[in-house]
Amino acid sequence: MLISIKFSTSYRHNEEERRRTCLARLVNNVYLAVEDVRALEPEWLKSCGLSLEEVLKDKGIVYAATYKYIREGGPEYIVAFRGTTLRRSTIMGDMRLNLRIVRNTVTDSTRFQLAYEKVKNLMFNSKSNCVIWLAGHSQGAALALSLGQDMMAKEEGNLPAFLFNPPLPIIHMFPKWAKKTLHWFHGTRPAPSPQRMQALSSWVPEVYVHEKDFISKSFITYFEHPEQLDKVGNSAMLLPSAKLWKNAGKVDGGAHGLEQWWKRNKELTLIYKPYGSGES
C-alpha cells in the first residue's frame, strides 16, 4: 500500500521511488478497470492526494484515466494509460492500435485524439501554467509518448511523461513480406524530420526499460550506442532527449511487466542516465 505520497521533481532516490511507484500503480488501476471500473479508485488513492477526475473510453472500453492531484508542489493532473490486454472485449481495439504503433500512425487513432482533446480541455479550463503529467505502460506508453511529442511540437505544452516499457518498433528488421503487407493495407509514415526533432529537444520524458525487454530495449541501443543507430530503425518513437532508467535485475513478472516499476529501489538494479537536454 502507498502512504502519504507527495510528488516532487527532485531526483533524490526516495523522491524518484515515490513518484515511480505511485504512477505505476495508477497505470495498473487502468488495466484493472477493464474488468471493473471501481479499480480506478482504490483505498490508497486519497492518501496519495489524488482523486479520480475522468475515465477515458474507446467504444466503451477503458483505456485511460485522469486523476487530479489536490496537494501543492506537484502536477495538477495525471493522465494514466494502460497497455495491451488479451481479453475478448479488448483484443481487437488494442491490436489495431499496436499496428498503428508499428506504422507510425498513432496520432490518427481514436484513442490518441480523445486523449489529446481531454488534455487540451484540462489546460484551457485550468489555472495558468497548468502542469499535467502523462504516464503509461507499453502501448499506453506509446500513447503518452505520442501525446507529449505532439503537444511539444505544436508548442502547446511541455508535459512531463513517465514511460514504462515503451515500444520502439524496428520496422526495417521485419521480413520484406511483412513490411509490404503493412504498407499495402495501411501505409506507413516516415520518422520525424530534423526540424521536428529539434522542436522536441527540450521535451525530456522519463523512460523506464528493462535491459532484457525485447519490446523496449531498443531505446537502450538508441541512447547508449548511437553508432548502432541503423539497428534501431525508422520510428516516430525516437526521442532527442530523455532520462533513461534501466533495470538490470531479475523480475518475477517478466522484463516487460509493469509490476517491476512499483517495487522499491532496493528490489531493483536501476541505472540512471540523462541524454540530450536531460543532461542539463
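Figured I'd write up the structure that's included with this text. Just so it is clear, the structure is predicted and the values come from calculations on it, not from any experiment. (Residues numbered from 1 in each chain as written. Predicted model: local features only at pLDDT ≥ 70, side-chain atom pairs only at ≥ 80, totals over all residues. Heavy atoms only, no water.)

Helix and strand counts for the protein chain stand at seven helices and eight strands. Per-residue burial over the protein chain gives 54% buried out of 280 residues. Counted over contacts in the protein chain with a minimum sequence separation of 6, partners at least 24 positions apart contribute 71%. Roughly 13700 Å² of accessible area belongs to the protein chain as shown, and the carbon and sulfur atoms make up 53% of that amount. (Helix = DSSP H or I, 4+ residues; strand = E, 2+ residues; numbered from the N terminus. Buried < 20%, exposed > 50% of the residue type's maximum accessible area, 1.4 Å probe, protein only. Contact = heavy atoms within 4.5 Å. Areas by Shrake-Rupley, 256 points an atom, 1.4 Å probe, with all protein chains shown as cover.)

Turning our eyes to something else, we now look at the sheet that holds strand β8 (residues 270–275). In spatial order, the strands read β1-β2-β3-β4-β5-β6-β7-β8; together these eight strands make up an open sheet with mixed pairing. What marks the edges here is a single partner per strand, and that holds for β1 (50–58) and β8. With direction set aside, neighbouring strand axes in the sheet form an average angle of 15°. Each of β1, β2 (61–69), β3 (77–81) and β4 (132–137) is contacted by helix α3 (residues 110–125), which is oriented at about 145° to β1, the strand it contacts most. Strand contacts of helix α4 (residues 139–153): β2, β3, β4 and β5 (161–164), with the helix running at about 150° to β4, the strand carrying the most contacts. (Pairing = 2+ DSSP bridges. Axes fitted to C-alpha atoms, helices over the stretch in contact; angles between N-to-C directions.)

Now for the state of the cysteines. Every disulfide links exactly two cysteines, by a covalent bond between their sulfur atoms. Tallied over the full model, the rule gives zero disulfides. Free of any disulfide, Cys-22 has its nearest neighbouring cysteine sulfur in Cys-48, separated by 3.7 Å. With a relative accessible area of 0%, Cys-22 lands in the buried category. (Disulfide = S-S within 2.5 Å.)

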